[in-house]
Structure formats: structure tokens, C-alpha cells
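Structural description and commentary
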Amino acid sequence: MQDRLTMRQAEDSDSGQVATLIATCWVAYDGCILDIQGEEPILRAIASGFRKKGGQFWVCCRGDWVIGCVGVALTPIGQADAELFKMYVHPRQRRRGVARMLEQQAAVTAKAWGAKTLDLWTDTRFAEAHAFYASIGYTKTDRLRSLNDLSNTSEFHFIRPL
């Protein structure tokens, strides 16, 4: 019997599995390097890290296995917009509604906080994610940013009304 799918607010004890999930997703893309110590220290204490930035973070699990994650926070303070962060689904668990469920949780939360739009930045290499975001109502803007990180990341900006 397959383990039941559950979604819950993350705890700091989920940090290792969240980091492993992200690393598993990134391995499919040449040059993506997950540097927790230098570039992604929030992954050491994911729940408290998001609380410190005024946000929330969720994990989606099959049994005790974290198969998906997402975070959301109002950005910047004083504006009625929210940003979606770190939405990942394990490659073997995709196309089962997990990403849609995670994004919906982030959107409902952002709307409850008074946000009028939900935006996100996503690596230009993540074409499958771009197609997913477009399919659920996000529009790619003309904004592009470079992170100047170990992965040489450039990101597209997407936005959708709430």
C-alpha cells in the first residue's frame, strides 16, 4: 500500500530532507550547485528561517518522506505582494498534483495576508517549471536577474494575480 500524501507546515527537523530534495532536483541541470553553507544557509533551519522573514514554509510528505516543498513571504515589507520560494517536487512524484497543491497553499496564505499578487523567480534552466507556472496562471515578465552564485544562475520572473 502506498503511503498517504500529507502537507504540513515545515519544522526545522525537516531541513535535511528539504536540502536533499532540492539537491535531487538540481542534479538534472548542468552546473547547478547547492551550497548550503555559503549561499543557502536558510536550509539549515528552514521553518525558523522563513518565520524570521515573516513567511511560512510547507512540506508535502508520503509517509515520513518529504517529496515536495514551498515557502511564501510578503515582499518587500509594506507592499501587498508576496513571493513564492523554493517550490520543488521530487522528480518521481511529479504530475500527481503535488506542485499544484503546494502552490495553492502558498497562494491562499498570501491572499489571507492581503497580497494582491504572487510572484516568483525561477532558474532559466528549469523549462519544465516554467511550463507548469504558465499552466496555472503565472505570466512571465520581461525581468531577468543574475545571482552571481556558484551555479551562475540567471532567473526569470513570473507573476499572477490572487
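Residues numbered from 1 in each chain as written. Predicted model: local features only at pLDDT ≥ 70, side-chain atom pairs only at ≥ 80, totals over all residues. Heavy atoms only, no water.

**As for the nonpolar core**
Counting 23 residues, the largest nonpolar core has Leu84, Leu118 and Tyr138 as the members making the most contacts within it. Only strand E2 (56–62), strand E3 (65–74), strand E4 (81–89), helix H3 (98–112), strand E5 (117–123) and strand E7 (154–161) provide two or more residues apiece to this core. The biggest single contributor to this core is H3, with six residues. Leave out the neighbours within four places in its chain, and Leu84 touches Val70, Gly71, Glu103, Ala106, Leu118, Asp119, Leu120, Tyr133 and Tyr138. (Core = buried A, V, L, I, M, F, W, Y, C linked by side-chain atoms within 4.5 Å. Buried < 20%, exposed > 50% of the residue type's maximum accessible area, 1.4 Å probe, protein only. Helix = DSSP H or I, 4+ residues; strand = E, 2+ residues; numbered from the N terminus. Contact = heavy atoms within 4.5 Å.)

**With respect to the packing of aromatic side chains**
Tallying each qualifying case throughout the model produces six aromatic pairs. Relative to Phe126, the ring of Tyr29 has its centre 4.5 Å away and its plane inclined at 45°; by these criteria the two rings are tilted. Of this pair, Tyr29 sits in the loop between helix H1 (15–26) and helix H2 (46–52) while Phe126 sits in the loop between E5 and helix H4 (127–135), placing them 97 residues apart in sequence. Seen in terms of ring centroids, Phe50 and Phe85 are 5.7 Å apart; in terms of plane orientation they differ by 70°. Their pairing is edge-to-face. In this pair, Phe50 sits in helix H2 while Phe85 sits in strand E4, placing the two residues 35 residues apart along the sequence. Residue classification places Phe50 among the buried residues on the basis of a relative accessible area of 1%. Of the residues examined, Phe85 reaches a relative accessible area of 17% and is grouped as buried. By the ring-pair criterion, three or more aromatic residues cluster together here, those being Phe132, Tyr133, Tyr138 and Phe158. (Phe/Tyr/Trp six-rings, centres within 6.5 Å; stacked < 30°, edge-to-face > 60°.)

**Details of the pattern of salt bridges**
By the definition in use, this model includes seven salt bridges. Where Arg94 meets Glu128, a salt bridge forms, and the shortest distance between an N and an O atom there is 3.9 Å. Pair noted here: Arg94 is in the loop between E4 and H3 and Glu128 is in helix H4, with a separation of 34 residues, a long-range link. With a closest N to O distance of 2.9 Å, Arg125 and Asp123 form a salt bridge. In this structure Asp123 comes out as buried when scored by relative accessible area, which is 5%. Each of Arg94, Arg95 and Glu128 takes part in a single network of salt bridges with overlapping partners. (Salt bridge = Lys/Arg side-chain N within 4 Å of Asp/Glu carboxyl O.)

**A word on the side chain of Asp14**
Within the secondary structure, Asp14 is located in the loop between strand E1 (5–9) and H1. Residue class for Asp14 comes out buried when judged on its relative accessible area of 5%. In this structure the side chain of Asp14 is engaged in a polar contact, spanning 2.8 Å, whose partner is the backbone nitrogen of Glu11. For Asp14, the residues in contact, after removing those within four places along its chain, are Arg8, Val59 and Val66. (Polar contact = N/O pair within 3.5 Å; in protein donor to acceptor, adjacent residues only side chain to side chain.)

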